[in-house]
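Notes for the structure review
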Amino acid sequence: MKIVALDFETADYGADSACALGIVSIEGGQITYATSRLIRPPRKQFVFTYIHGITWDDVKSEAEFGEVWDSFGEHWRDADYLVAHNAPFDRKVLFSCCAKAGRPMPPAPFLCTVRIARAHWKFKPANLAYVSEQLGIALKHHDAASDAMACASITAQAMLEGYRIESAMLGPPSYA
């Protein structure tokens, strides 16, 4: 089974404003690939720099989403599941960015590590910082690479402990 963890950072309130993407592949319960890229969003306005530290100057020379997404294609195309922490957010960003770039949405269903953390370990709160701390996972929060790695690590640990990750699957999106 192949699972791909994703994490987006966004520039503004628009779901199409991805400015960073972290991606981590899990195969056979082991992390097999990890990378991240900055993305030039469709607008110069940055509202969330105070959260992730990314500015327009950091991304103005970077590729737009479509090119970045295509460059990661070999890593997500054959995924059985995509997983994210608070997956409805990342799924909406992916959907919006794919639509704007004229790319099809990947067919793999989304899993949510918030659901995994609540169901398997009964964590409350279940935000990424708390879950990572409880599981001893290093985290530089709001760094797309680190957040995606933490999400992948949560998923892999739950699988190792026998948790049926399919129970953390999201239903159909309401925006599609």
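Before reading further, recall that the structure is shown in the block above.
**Topic: the nonpolar core**
Ranked by internal contacts, the top residues of the largest apolar core, which has 51 residues, are Leu6 and Leu94. In terms of residue count, helix 8 (residues 144-160) provides more of this core than any other element does, six residues in total. Aside from chain neighbours lying at most four places away, what touches Leu6 is Leu21, Gly22, Ile23, Trp69, Leu82, Val83, Ala84, Asp90, Leu94, Phe110 and Ala148. In terms of nonpolar packing, the next biggest core, distinct from the first, is built from eight residues, Ala11, Cys19, Trp56 and Val59 among them.

**Quick notes on unusual backbone geometry**
The step from Lys124 to Pro125 runs through a cis peptide bond, and the omega angle for that step is 0 degrees. By the secondary structure assignment, Pro125 is in the loop between helix 6 (113-120) and helix 7 (128-135). Unlike most non-glycine residues, Lys122 shows phi in positive territory, near 60 degrees. Classification of Lys122 as exposed rests on a relative accessible area of 62%. Although it is not a glycine, His142 sits at a positive phi angle of roughly 70 degrees. With respect to the secondary-structure elements, His142 resides in the loop between helix 7 and helix 8.

**Examining the packing of aromatic side chains**
On inspection of all chains with the given rule, the structure shows seven aromatic pairs. Grouping aromatic residues by their ring pairs yields a cluster made of Phe8, Phe65, Trp69 and Trp76.

**Regarding the environment of Ala150**
Tracing the chain through its elements places Ala150 in helix 8. Among the residues examined, Ala150 registers a relative accessible area of 0% and is labelled buried. Between the alpha carbons of Ala150 and Asp90 there is a distance of 15 Å; along the sequence they are 60 residues apart.

**Structural notes on the packing of helix 6 against helix 8**
The contact between helix 6 and helix 8 brings their axes to 10 Å, and the two run at 40 degrees. Relative to helix 8, helix 6 is oriented oblique. Handedness of the helix 6/helix 8 crossing: left-handed. Contacts between helix 6 and helix 8 involve Thr113, Ile116 and His120 on the former and, on the latter, Cys151, Ile154, Thr155 and Ala158. For the contact of helix 6 with helix 8, the residue count by class is four nonpolar, three polar and no charged.

**Brief notes about the pairing of strand 2 (residues 18-27)**
For strand 2, a buried count of nine out of 10 residues is recorded, marking the element as mostly surrounded by other parts of the structure. When strand 1 (residues 2-10) meets strand 2, the two strands line up antiparallel, connected through nine bridges. Bridge pairing links Leu6 to Ile23 in strand 2. When strand 2 meets strand 3 (residues 30-38), the two strands line up antiparallel, connected through eight bridges. By the bridge assignment, Ala20 is partnered in strand 3 with Leu38. Between the end of strand 2 and the start of strand 3, which pair antiparallel, lie two residues, with Gly28 showing a positive phi angle near 60 degrees.

**So, the state of the cysteines**
Working definition: the covalent bond between the sulfur atoms of two cysteines is a disulfide. Applying the stated criterion across every chain yields a total of zero disulfides. With no disulfide partner, Cys98 has as its closest neighbouring cysteine sulfur the one in Cys97, 7.3 Å distant. There is no disulfide at Cys151, and the cysteine sulfur nearest it, in Cys112, is 7.9 Å away.

**Describing the side chain of Ser153**
Following the sequence through the fold, Ser153 ends up in helix 8. On the basis of relative accessible area, Ser153 is assigned to the buried category, the value being 18%. Each residue touching Ser153, except ones within four places of it in the same chain, is listed here: Ile31 and Ile137.

What counts, and where the lines are drawn
Residues numbered from 1 in each chain as written. Predicted model: local features only at pLDDT ≥ 70, side-chain atom pairs only at ≥ 80, totals over all residues. Heavy atoms only, no water. Core = buried A, V, L, I, M, F, W, Y, C linked by side-chain atoms within 4.5 Å. Buried < 20%, exposed > 50% of the residue type's maximum accessible area, 1.4 Å probe, protein only. Helix = DSSP H or I, 4+ residues; strand = E, 2+ residues; numbered from the N terminus. Contact = heavy atoms within 4.5 Å. Phe/Tyr/Trp six-rings, centres within 6.5 Å; stacked < 30°, edge-to-face > 60°. Axes fitted to C-alpha atoms, helices over the stretch in contact; angles between N-to-C directions. Parallel < 35°, antiparallel > 145°, perpendicular 65-115°, else oblique. Left-handed = near helix turned anticlockwise from the far one by under 90°. Nonpolar A, V, L, I, M, F, W, Y, C, P; charged D, E, K, R; others polar. Pairing = 2+ DSSP bridges. Disulfide = S-S within 2.5 Å.

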